[in-house]
Amino acid sequence: MKVHILDDWHDTLRHLPSFRKLAGHEVTIWTDHLEEPDALAQRLQDAEALVLFRERTAIGAALLDRLPRLRLISQRSLYPHIDVAACSRNGVLLCSNLGPDGPSVATAELTFGLIIACARDLLNQNASLRAGLWQRAPGQTLAGRMLGLYGYGRIARQVAHYASAFGMRVQYWGSDEGRARAAAAGERVPQSREAFFASSDVVSLHVRLTPDTRGIVTSADLAAMKPTASFLNTSRAGLVAPGALQAALESGRPGRLALDVFDREPVTDPLDPLVNHPHVIATPHIGFVTEENLDLQFSDIYDQINAFASGNPLHMINPEVWVG
């Protein structure tokens, strides 16, 4: 099959062990980023299978209607960036493995790195040193402080595992079902949502973005936090209500933000006010971007391509398209 891979910005995938799984296909890798449907349609005219690099490119009807040769989209995890109805209307099968085997250790590691960076004000301390000014104000010790994890999934529990090694206390909030599971496991669950945000020295968000969770963290939630606290989001930008982060920075509650995800990606404006705010530590959506994690994820994606080519597709999202 003619396979096109989008948005491999650093030309990483061809150098990973899993890439050998595509040996029998004609593969084109695009290392830049296009959004305009006309330009994308021209680029992908001969594509039979399209590989997506997470949610970096939205796949809508304006593009799909212009790709008559496309038969398969292969990706991993949720697919809010894909118009599934337009896929079905154009006879394009969407395959996506929704059940990873374990937590994203890569995301959990970055999350805890950002917790440390916030506590010790690492970016500003580094800037002070480079400017010849030596130390800034003292940082915070993590031991004994309260980590609030919003969500009780695999990544959150992995972050909690790291926190325990640093002597942090941990509490959870989330859906009714998530809080019930946390409580049943003997974990600390506050009496109210406001108490969760108010009593946490760090709040880290670990929830999947769905229509029900969009905007789930509000300005009122952040305003309830201490001015000495930090809020982290390494999940999805859409989980936070529009304007809530800006309001938090204006009010000083919480005092620091650490963000790996943004409403519009990639962020390429060097003057972006959120990225450049002195109370924000920002990273360019690198939570999942390690060689080991990419090799694991794309191994699944390539398996889906080979399964489709052999007549036995895996992880079909719109199986009505498949005619065998």
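Residues numbered from 1 in each chain as written. Predicted model: local features only at pLDDT ≥ 70, side-chain atom pairs only at ≥ 80, totals over all residues. Heavy atoms only, no water.

1. So, unusual backbone geometry
Turning to step 1, where the next piece is worked out: Across the junction of arginine 253 and proline 254, the peptide omega takes the value -5°, indicating a cis bond.
Turning to step 2, where the next piece is worked out: Locating proline 254 in the fold gives a position in the loop between helix 10 (244-251) and strand 10 (256-259).
Turning to step 3, where the next piece is worked out: Looking along the chain, the bond that leaves glutamate 265 and enters proline 266 is cis, with omega of 0°.
Turning to step 4, where the next piece is worked out: In the Ramachandran plot, arginine 54 falls in the positive-phi region, its phi being about 50° despite a non-glycine side chain.
Turning to step 5, where the next piece is worked out: Mapping arginine 54 onto the fold places it in the loop between strand 3 (49-51) and helix 2 (61-64).
Turning to step 6, where the next piece is worked out: On the basis of relative accessible area, arginine 54 is assigned to the buried category, the value being 18%.
Turning to step 7, where the next piece is worked out: One non-glycine residue, tryptophan 134, lies in positive phi territory at about 60°.
Turning to step 8, where the next piece is worked out: Within the fold, tryptophan 134 resides in the loop between helix 5 (122-130) and strand 6 (146-150).
Turning to step 9, where the next piece is worked out: According to the relative accessible area criterion, tryptophan 134 is exposed, its value standing at 60%. (Helix = DSSP H or I, 4+ residues; strand = E, 2+ residues; numbered from the N terminus. Buried < 20%, exposed > 50% of the residue type's maximum accessible area, 1.4 Å probe, protein only.)

2. Some details on the pairing of strand 9 (residues 230-233)
Turning to step 1, where the next piece is worked out: Because side chains alternate across strand 9, one face comprises the buried residues Ser230 and Leu232, and the other comprises Phe231 and Asn233, equally buried.
Turning to step 2, where the next piece is worked out: Inspection of the sheet shows strand 8 (residues 202-205) paired to strand 9 by 4 bridges, in the parallel sense. Counted as the bridge partner of valine 202 is serine 230 from strand 9.
Turning to step 3, where the next piece is worked out: Here strand 9 runs beside strand 10; their pairing, made up of 4 bridges, is parallel. When the bridges of strand 10 are listed, phenylalanine 231 appears paired with leucine 257. (Pairing = 2+ DSSP bridges.)

3. Here's the deal with the packing of aromatic side chains
For any pair of aromatic rings, the description consists of the separation of the ring centres together with the inter-plane angle of the planes.
Turning to step 1, where the next piece is worked out: In this structure the tally under the stated criterion is 12 aromatic pairs.
Turning to step 2, where the next piece is worked out: When the centroid spacing of 6.3 Å and the interplanar angle of 80° are considered together, the rings of phenylalanine 19 and tyrosine 302 count as edge-to-face. On the criterion of sequence distance, the pair formed by phenylalanine 19 in the loop between strand 1 (2-5) and strand 2 (26-29) and tyrosine 302 in helix 11 (residues 291-309) is long-range, its members being 283 residues apart.
Turning to step 3, where the next piece is worked out: Residue phenylalanine 19 is classed as buried on the basis of its relative accessible area, which comes to 18%.
Turning to step 4, where the next piece is worked out: Each member of the aromatic cluster is reached from another via a ring pair, and the members are Phe19, Phe53, Phe288, Phe298 and Tyr302.
Turning to step 5, where the next piece is worked out: Stacked on the ring of phenylalanine 53, the Lys or Arg arginine 56 has its end atom at 4.0 Å from the ring centre.
Turning to step 6, where the next piece is worked out: The aromatic ring of tryptophan 173 is capped on one face by arginine 179, whose charged end is 4.2 Å from the ring centroid. (Phe/Tyr/Trp six-rings, centres within 6.5 Å; stacked < 30°, edge-to-face > 60°. Lys NZ or Arg CZ within 6 Å of the ring centre and 35° of its normal.)

4. So, the packing of helix 4 (residues 105-119) against helix 6 (residues 154-165)
Turning to step 1, where the next piece is worked out: Interaxial distance between helix 4 and helix 6 falls to 9 Å at its minimum, and their mutual angle equals 50°. Overall, the two elements helix 4 and helix 6 adopt an arrangement that is oblique. Remark: the crossing between helix 4 and helix 6 carries right-handed chirality. Contacts between helix 4 and helix 6 involve Val105, Thr107, Ala108, Glu109, Thr111, Phe112 and Ile115 on the former and, on the latter, Ile155, Gln158, Val159, Tyr162 and Ala163.
Turning to step 2, where the next piece is worked out: Along the lines of polarity and charge, the residues of the contact of helix 4 with helix 6 split into 8 nonpolar, 3 polar and 1 charged. (Axes fitted to C-alpha atoms, helices over the stretch in contact; angles between N-to-C directions. Parallel < 35°, antiparallel > 145°, perpendicular 65-115°, else oblique. Left-handed = near helix turned anticlockwise from the far one by under 90°. Contact = heavy atoms within 4.5 Å. Nonpolar A, V, L, I, M, F, W, Y, C, P; charged D, E, K, R; others polar.)

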